[in-house]
Amino acid sequence: MIMANHSSEYYVPPPSRWPIVGSLALLTLAGGFILFLDKMAAGPYVMALGAAILIYMLVGWFGSVIREDQAGKLGGRVDMSFRWGMVWFIFSEVMFFGGFFGALFYARNFTLPSLADAQMLWPGFSGAWPSAGPGIREQFTPMAAWGIPALNTLILLSSGATVTWAHWGLKQGRRRQLKIGLILTILLGLTFLVLQAHEYLDAAFTIRTGIYGATFYMLTGFHGMHVTLGAIMLTVITFRVFAGHFSPDDHFGFEAVSWYWHFVDVVWLLLFVFVYWL
Amino acid sequence: MRLKEPTTTRPALLAAGLLLSLPALAEYRFPLNLQPPVTIIGHRIYDLSTTINWICFGIFLVVFIPMFYALWRHRKSIGHEAHHVHEHPLLETLWTIVPFLVLIGIAIPTTAVVVEMKDTSKPDMTIKVTGRQWKWEYEYLGEDVKFLSNLATPREQISNQAPKGEHYLLEVDKPLVVPTDRKVRLVFTAEDVIHAWWVPALGVKQDAIPGFIRDSWFKVDLPGTYRGQCAELCGVDHAYMPIVVEAVPPDKFAIWMNDQKTRLAEARAAASKEYALPELVAMGQKVYQANCVACHQANGQGLPPAFPPLDGSKVVTGPVEGHLTVVFNGRPGTAMQAFGKQLSDVDIAAVITYERNSWNNKTGIAVQPREILAFRESQAQKVAAGK
Amino acid sequence: MDAIAHHIRHEEHPTGLMRWLTTTNHKDIGTLYLWFSLTMFFFAGALAMVIRAELFQPGLQVVQPQIFNQLTTMHGLVMIFGAIMPALVGFANWQIPLMIGAPDMAFPRLNNWSFWLLPVAATLLVSSFFVPGGSMAGGWTMYPPLYIQGGISYDMTILAVHILGLSSIMGAINIIVTILNLRAPGMTMMKLPLFVWTWLITAFLLVAVMPVLASVVTMLLTDRHFGTHFFNAAGGGDPVMYQHIFWTFGHPEVYIMILPAFGIISSIIPTFARKKLFGYTSMVYAVAAIALLSFLVWAHHMFTVGMPVAGQLYFMYATMLISVPTGVKVFNWVATLWRGSISFETPMLFALAFVCLFTIGGFSGLVVSLVPVDIQLQDTYYVVAHFHYVLFSGSAMAIMGGVYYWLPKWTGHMYDEFLGQVHFWLTAIAFNITFFPMHFLGLAGMPRRIPDYALQFADFNRLSSLGAFVLGASQLIFLYVVVKCIRGGAQAGDRPWEGAESLEWTLTSPPPYHSFTVAPQVK
Ligand code: HEA
Ligand code: HEA
Ligand code: CUA
Ligand SMILES: [Cu+2]
């Protein structure tokens, strides 16, 4: 923290309408979702409206941050804040996944054995993983690890490498490498998503297939959503690169996205091991 | 000081006497500790609780006598100057270690009780307890005796239209009967949501969890009637789900058990009888009071939208088949339970007839127990055929 | 310096409603949080009044059971998420930049959003009273399968919890970053006022556990609507799993509500004892230890679900251990008082009551942490007594003390000392009359969450209800004192308390719109 001694330089943004717009967006989105859940026809429309407001807010909000950045208002101290902020945000995401991994772990190690113990209620239930539970008489084949999932692991890992390669390019002022690296990363991310969608379509079970289906789809589904989000963020970054943003020693926006991408990568590795493989 | 002055001693003695009798008085009107236990575990818990409360009281004095002394002695209004000491390593170490040691002292005897409490091995008998919204079902495993236990307090007492009885809310139509001096193991499960079976005097509280089996045990020292309540929020009538355990000497228990078995046989015989309409309605009203009022209310109006009215319901006034299906199988995913598993054929016939001929429902149709039996068999066949 | 200050002081901000809707100023936002919290406190308190009215005597008089359960649930949820947490965040917003010599919070716009999400969540919660079936009635802990049975308001509650979680996470990140990155030169970590330390650690807890809550309520939602079987045995799920994940959040949550309160108390006691806080270093370590331990003890809320012996013993030992660092704090406060030069203004009275009454709450916590004893006390009024001692005479009274302590700084006026003391004494006495008897009710066997009870519980309940009515009415005095103080009163001066040390007292009262436009040098 070299610049740490001048807090007068810390940029305090003027009053902003984006937060309140964001609150309105979430209220609309949540309201619409509730209507949708309770099977009211207006639901999807209200949700769409909420999502539109939300996107409007995100574009506006990030737009002003980017403009402030380009105007050189965000000094080293603010940059440091952004870094810390991103680190803790990713930590909170880790804990969110932690909840679902916890559910998977608990169900396999505690729930199923104790259901198998309750022979009085569930005669003949063995409790072996994978399982759809004692009450669901459905035959299903679990997802095999060494087909698409293994390929997807490879794809995501190489996308982690390409984004790092792009970062090197940025740091050494080789903008071409930066651009190619980013585009490759996005393409790999999209390939991953396409394969994932294919896997879903081919799956021999659904989210209703007991605890196996539930943990499988929730974990991979939320991961897929994060990949999608990451890909959108990468796209935004790429546009900014083409617009000439970022300098070799000041490019927090880029780094934030790449951190996020690495986080998504690591979650996938855990998924591969605990959801598909073991 | 003139201590012997009679005029001051006498009131003082009187006051002391009053003060001393106060706890007794308080105990009478205002119980201050756990209910008197009647099992080993109950006694252990009682003693543990008393000890720990005294320890806490002791620590409280140790901490707060100095504090109040400081507040009084070191107050600014008498010109006390602050003495600036902000660290005292020895003291700080002490007040970290001593509480730790106290905790170890508490943990050792407690651990022994936990281990003893959880030891459900080698029971003399096992009873399966099933929690349902909002009643308990008891099944004496290996004896083919099984019954429901419902709140017996009349609704008028709850709504303040009648004076409340002595055991208001803690009384049931059929208590759980157990022998004294026998190790009784209970296995718990539930049908719909989580309930908790709790009888303070026995020192047993255990959640009954749908789809899972949990167990606990007790061995009652003294014959008597012990009362408790469901202790896990389980919906609207969570407050109205009491537990009554009647502990009787083993010989009396054997008699009771035989009696149950003969009654069961009688009930089976009764199912083949033909009943008149008024007879069924009268019996049905009792069944309704015990099993249905909670949701559908005495006036048949229900509590919409959660619980639909039966008065004027198309299902109730429509074909018997449809009506019977709802009552028998419930409506999955709603609070409406499958009463086919809970009630006897006679009861179901009676309650359905009651519903069809009460309030504004005037179908005049009497549904006979044998119709229920036929329905039960057809259902069983469907299940066997895989739906 | 003058030039910069001049420039910034004249920086424009909208007036009227738009000022509050769009503000990026930490003091404005702090004020919003505090008002929001007070409103919610009165709302949830009013629900508690109905609860106590129903429990005044056996039988159903005031509300039907379904409504009663809704009231209990909403009372708990709103008190925790609407009253206590926002109040503490309000303090953080006002005080942290002032105490560490920062110009504002690290992310002022995000700060605004964190606040303005709260009214959104509150709208969802409060409006759920008016949807068919009424509001959520499954207890603030939202246990399935009961939760799965509910209607539309149950979905509204889940989404409200998501939004509250989002708000808390963003708010917490903001606080962490502000403390780590925006300290004035010379303000090293071990010079931070203890209030700032407690908030740093609390914010860490928030970032760690709010997402866990979000994940588990998401599972509730999918179980309700998308056919998953997380909590349904037939599909290999487990209602007890919900409880494990919920309490992984829920137990740290209770420390989230008490640690900043510890911080407030650690500011007030030294001021009125005119002595530095005793054992500052050990205080910091104790808070950290409490926070770490709080992750390891969650299942003490589940001693009756039937865990294996080893599990019960582990969770019992770990829980008992928390008494040690908490004790260190209590002992340090007492030692701070020892040989001080003590005076008894309203904030100090609240702080002293806090130390005593919180300790009673801590002791009842220790009692229920013993598995066999908890078997008798779980889900009884003993637990209700326990958590109101730590939450009302703990968190809420610390908040009230803190408000009296900093009101002069915030408004520039002194509050009415006489009325403040009246408020204190009425609150302290009525509080004990309300909640102390609940210990005995629990011991005697009265379950919680019931609208109606057996006759042997009648006397204590009547006493408790009477106490509660006085307690409720006394809070109106609080409202009056606060409003009166904002509107006028004796000038407070920069440092109304002669013993007060931290940085905020070097600024004017009320402080300038942008607190430290030039960072102060801390020695
Ligand atoms: C601010 C909130 C807060 C705080 C600080 C605490 C603090 C503690 N709590 Fe409490 N608790 C709640 C809020 C809180 N709790 C709530 C809301 C519930 C109910 C949730 C629900 O079901 O709805 C609950 C429930 C609850 C239970 C579950 C009860 C049940 O449902 O059956 C347990 C069991 O172990 C427990 C234990 C403890 C312990 C051991 C502490 C310890 O941290 C206390 C430590 C403090 C002291 C011990 C006093 C000071 C120490 C000394 C002076 C040193 C010397 C002391 C000794 C050596 C003993 N709490
Ligand atoms: C966080 C803090 C918090 C606070 C501050 C309080 C404050 C109070 N609580 Fe709270 N309570 C909880 C958290 C809290 N509670 C939680 C988490 C639960 C568990 C919920 C569950 O089981 O799911 C609970 C449950 C609970 C119960 C048990 C309900 C049950 O199990 O059935 C009861 C019963 O008496 C109760 C009473 C009170 C009372 C009388 C107050 C009083 O202190 C309130 C005083 C304040 C006011 C009254 C507001 C101000 C005044 C007015 C609005 C003016 C109008 C009033 C008059 C003129 C009289 N609470
Ligand atoms: Cu059953 Cu509460
Ligand atoms: Cu806890």
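Draft legend 1. The domain arrangement of chain A, seen in detail. Residues and elements named next belong to chain A. Along its sequence, chain A is carved into domain 1 (15–74) and domain 2 (75–277). For domain 1 and domain 2, the distance between their C-alpha centroids amounts to 24 Å. Facing the 6 residues of domain 1 at the interface are 7 residues of domain 2. Roughly 520 Å² of surface becomes buried between domain 1 and domain 2 when both sides are summed, with 57% attributable to carbon and sulfur atoms. Counting the surface domain 1 buries against domain 2, the share from its top three residues, Ile 66, Gln 70 and Leu 74, is 77%. Connecting domain 1 to domain 2 are 1 salt bridge. Arg 240 is paired through a salt bridge with Asp 69; the nearest N and O atoms lie 3.6 Å apart. Of the residues belonging to the side of domain 1 that touches domain 2, the class tally is 3 nonpolar, 1 polar and 2 charged.

Draft legend 2. Examining the site of ligand 2 more closely. Residue and element names in this part refer to chain C. Around ligand 2 sit 35 residues in total, of which Arg 52, His 75, Trp 140, His 388 and Arg 449 are the nearest. Arg 449 places a main-chain nitrogen or oxygen 2.6 Å from an oxygen atom of ligand 2. The biggest single contributor to the shell around ligand 2 is helix H3 (residues 26–54), with 8 residues. Class assignment for the residues of the shell around ligand 2 results in 24 nonpolar, 8 polar and 3 charged.

Draft legend 3. Structural view of the packing of helix H4 (residues 65–100) of chain C against helix H5 (residues 108–127) of chain C. All names here are of chain C. Running from amino to carboxyl end, H4 crosses H5 at an angle of 165°, the nearest separation of the two axes being 12 Å. Considered as vectors, H4 and H5 are oriented roughly antiparallel to each other. The handedness of the crossing between H4 and H5 comes out as left-handed. Counting all contacts with H4, which are made through Met 74, Leu 77, Val 78, Pro 86 and Asn 93, the residues of H5 involved are Asn 111, Leu 118 and Leu 125. Residues of the contact of H4 with H5, tallied by class, amount to 6 nonpolar, 2 polar and no charged.

Draft legend 4. Spotlight on the state of the cysteines. Residues and elements named next belong to chain B. Applying the stated criterion to the full structure yields 0 disulfides over all chains. Among the cysteines around Cys 292, which has no disulfide bond, Cys 295 carries the closest sulfur, lying 8.6 Å off. Given a relative accessible area of 13%, Cys 292 falls into the buried group.

Draft legend 5. Up close: the environment of His 439 of chain C. All names here are of chain C. Looking at where His 439 falls in the secondary structure, it is placed in helix H16 (residues 417–444). Since its relative accessible area comes to 7%, His 439 is described here as buried. If near-sequence neighbours (up to four positions away) are discounted, His 439 is found in contact with Ser 364, Tyr 382, Ala 385 and Tyr 389.

Draft legend 6. Spatial organisation of the coordination of the copper ion (ligand 4). All names here are of chain C. The protein atoms that coordinate the copper ion (ligand 4) are His 251 (ND1), His 300 (NE2) and His 301 (NE2), at distances of 1.8 to 2.1 Å. Donor residues for the copper ion (ligand 4), ordered by position in the chain, follow H-x48-H-H. Here the copper ion (ligand 4) and the iron atom of ligand 1 are spaced 4.5 Å apart. Note on His 300: relative accessible area 13%, which makes it buried. Since its relative accessible area comes to 24%, His 301 is described here as partly exposed.

Draft legend 7. Molecular detail of the packing of aromatic side chains. Enumeration according to the criterion identifies 99 aromatic pairs over all chains in this entry. Each ring, one from Phe 272 of chain A and one from Trp 277 of chain A, has its centre 6.3 Å from the other, and the planes form 35°; the classification is tilted. Its relative accessible area of 7% is what places Phe 272 of chain A among the buried residues. According to the relative accessible area criterion, Trp 277 of chain A is partly exposed, its value standing at 47%. Lying over the aromatic face of Trp 18 of chain A, Arg 17 of chain A brings its terminal NZ or CZ to 4.5 Å of the ring centre. Directly above the ring of Phe 147 of chain B sits Lys 174 of chain B, whose terminal nitrogen or CZ lies 4.4 Å from the centroid.

Draft legend 8. Quick peek at the confidence of the model for chain B. Residue and element names in this part refer to chain B. Of the residues in chain B, 91% reach a pLDDT of 70 or more, and the chain-wide mean stands at 86. The spread of mean pLDDT over the elements of chain B runs between helix H1 (residues 6–29), the lowest at 53, and strand S6 (residues 195–199), the highest at 96. Residue range residues 1–9 is modelled with pLDDT below 50. Its contacts to residues more than four positions away, or to other chains, number 3 contacts. The ipTM value of the predicted complex is 0.90, and its pTM value is 0.91.

Draft legend 9. Structural context of the pairing of strand S3 (residues 145–149) of chain B. Residue and element names in this part refer to chain B. Within S3, 4 of the 5 residues are buried, which leaves it mostly tucked inside the rest of the structure. Across 5 bridges, strand S2 (residues 135–140) lies against S3 in antiparallel orientation. Residue Trp 136 lies in a different strand from S3, and its bridge partner there is Ser 149. Between S2 and S3, which pair antiparallel one after the other, the connecting turn spans 4 residues, and Gly 142 there sits at a positive phi close to 85°.

Draft legend 10. Region of the structure containing the coordination of the iron atom of ligand 1. If you check the protein contacts of the iron atom of ligand 1, you find one donor only, His 386 of chain C (NE2), at 2.2 Å. Looking at where His 386 of chain C falls in the secondary structure, it is placed in helix H15 (residues 381–411).

Draft legend 11. Molecular detail of the interface of chain B and chain C. Every contact between the two is made by 88 residues of chain B and, on the other side, 100 residues of chain C. For the pair chain B and chain C, the summed buried surface comes to about 7,900 Å²; carbon and sulfur atoms form 69% of the total. When the buried area of chain B at its contact with chain C is split by residue, Trp 95, Lys 205 and Leu 233 of chain B rank highest and sum to 9% of it. Remark: the boundary between chain B and chain C carries 1 salt bridge.

Draft legend 12. How the structure looks around the site of ligand 1. Taken together, the neighbourhood of ligand 1 is formed by 32 residues, with Trp 140, Tyr 255, Asp 374, His 386 and Arg 448 of chain C sitting nearest. Among the chains of the assembly, those with residues near ligand 1 are chains B and C. In this structure, an oxygen atom belonging to ligand 1 sits 2.6 Å away from a side-chain N or O atom of Tyr 255 of chain C. Of all the elements in the fold, those that place two or more residues in the shell around ligand 1 are helix H9 (239–273), helix H12 (323–337), helix H13 (346–369) and H15 of chain C. The biggest single contributor to the shell around ligand 1 is H13 of chain C, with 8 residues. Of the residues that constitute the shell around ligand 1, the class distribution is 18 nonpolar, 12 polar and 2 charged.

Draft legend 13. Geometry of the domain arrangement of chain B. Residue and element names in this part refer to chain B. Once the domains are mapped, chain B shows domain 1 (34–69 + 91–119), domain 2 (125–268) and domain 3 (271–385). Taking only C-alpha atoms, the centre of domain 2 and the centre of domain 3 are 25 Å apart. Between domain 2 and domain 3, the residue contacts involve 14 residues of the former and 15 residues of the latter. Of the roughly 1,000 Å² buried at the junction of domain 2 and domain 3 (both faces included), carbon and sulfur atoms supply 47%. Considering only the side of domain 2, the residues that lose the most area to domain 3 are Arg 132, Lys 135 and Arg 155, jointly responsible for 29% of the buried surface there.

Draft legend 14. Region of the structure containing the interface of chain B and chain A. Listed per partner, the contact involves 8 residues of chain B and 7 residues of chain A. At the boundary of chain B with chain A, total buried surface from both sides reaches about 540 Å², with 82% on carbon and sulfur atoms. Of all residues in chain B, Gly 211, Phe 212 and Ile 213 of chain B bury the most surface against chain A, accounting for 71% of the area lost on that side. Scanning the region where chain B abuts chain A turns up 0 salt bridges. One can count 1 residue pair in polar contact (both at pLDDT 80 or more) joining chain B with chain A.

Draft legend 15. Quick look at the packing of H3 of chain C against helix H17 (residues 458–487) of chain C. All names here are of chain C. One way to put it is that H3 packs onto H17 with a least axis distance of 10 Å and a crossing angle of 160°. Accordingly, the angle class assigned to the pair H3 and H17 is roughly antiparallel. Helix-helix and strand crossings are classified by hand; for H3 and H17 the assignment is left-handed. In terms of residue class, the contact of H3 with H17 is made up of 14 nonpolar, 5 polar and 1 charged.

Draft legend 16. Molecular detail of the nonpolar core. All names here are of chain C. One finds Phe 81, Trp 199, Leu 259, Trp 333 and Phe 354 to be the most contacted residues of the largest nonpolar core, which totals 338 residues. The element contributing the most residues to this core is helix H8 (residues 194–225), with 22 residues. Among all residues touching Trp 333, those that are not within four sequence positions of it are Phe 262, Ile 265, Ser 266, Ile 269, Leu 277, Met 283, Phe 354 and Val 355.

Draft legend 17. Representation of the side chain of Gln 475 of chain C within the structure. Residue and element names in this part refer to chain C. Turning to its location among the elements, Gln 475 is positioned in helix H17. Residue classification places Gln 475 among the buried positions, given a relative accessible area of 4%. Setting aside residues up to four positions removed in sequence, Gln 475 forms contacts with Phe 41, Phe 42, Phe 392, Met 400, His 423 and Thr 427.

Reading the values: rules and limits
- Residues numbered from 1 in each chain as written.
- Chains lettered and ligands numbered in written order.
- Predicted model: local features only at pLDDT ≥ 70, side-chain atom pairs only at ≥ 80, totals over all residues.
- Heavy atoms only, no water.
- Domains from an automatic or database assignment.
- Contact = heavy atoms within 4.5 Å.
- Buried area = accessible area lost by both parts, 1.4 Å probe.
- Salt bridge = Lys/Arg side-chain N within 4 Å of Asp/Glu carboxyl O.
- Nonpolar A, V, L, I, M, F, W, Y, C, P; charged D, E, K, R; others polar.
- Near = heavy atom within 4 Å.
- Polar contact = N/O pair within 3.5 Å; in protein donor to acceptor, adjacent residues only side chain to side chain.
- Helix = DSSP H or I, 4+ residues; strand = E, 2+ residues; numbered from the N terminus.
- Axes fitted to C-alpha atoms, helices over the stretch in contact; angles between N-to-C directions.
- Parallel < 35°, antiparallel > 145°, perpendicular 65-115°, else oblique.
- Left-handed = near helix turned anticlockwise from the far one by under 90°.
- Disulfide = S-S within 2.5 Å.
- Buried < 20%, exposed > 50% of the residue type's maximum accessible area, 1.4 Å probe, protein only.
- Donors = N, O, S within 2.8 Å, 3.2 Å for Na, K, Ca; no water.
- Phe/Tyr/Trp six-rings, centres within 6.5 Å; stacked < 30°, edge-to-face > 60°.
- Lys NZ or Arg CZ within 6 Å of the ring centre and 35° of its normal.
- pLDDT = per-residue confidence, 0-100.
- Pairing = 2+ DSSP bridges.
- Core = buried A, V, L, I, M, F, W, Y, C linked by side-chain atoms within 4.5 Å.

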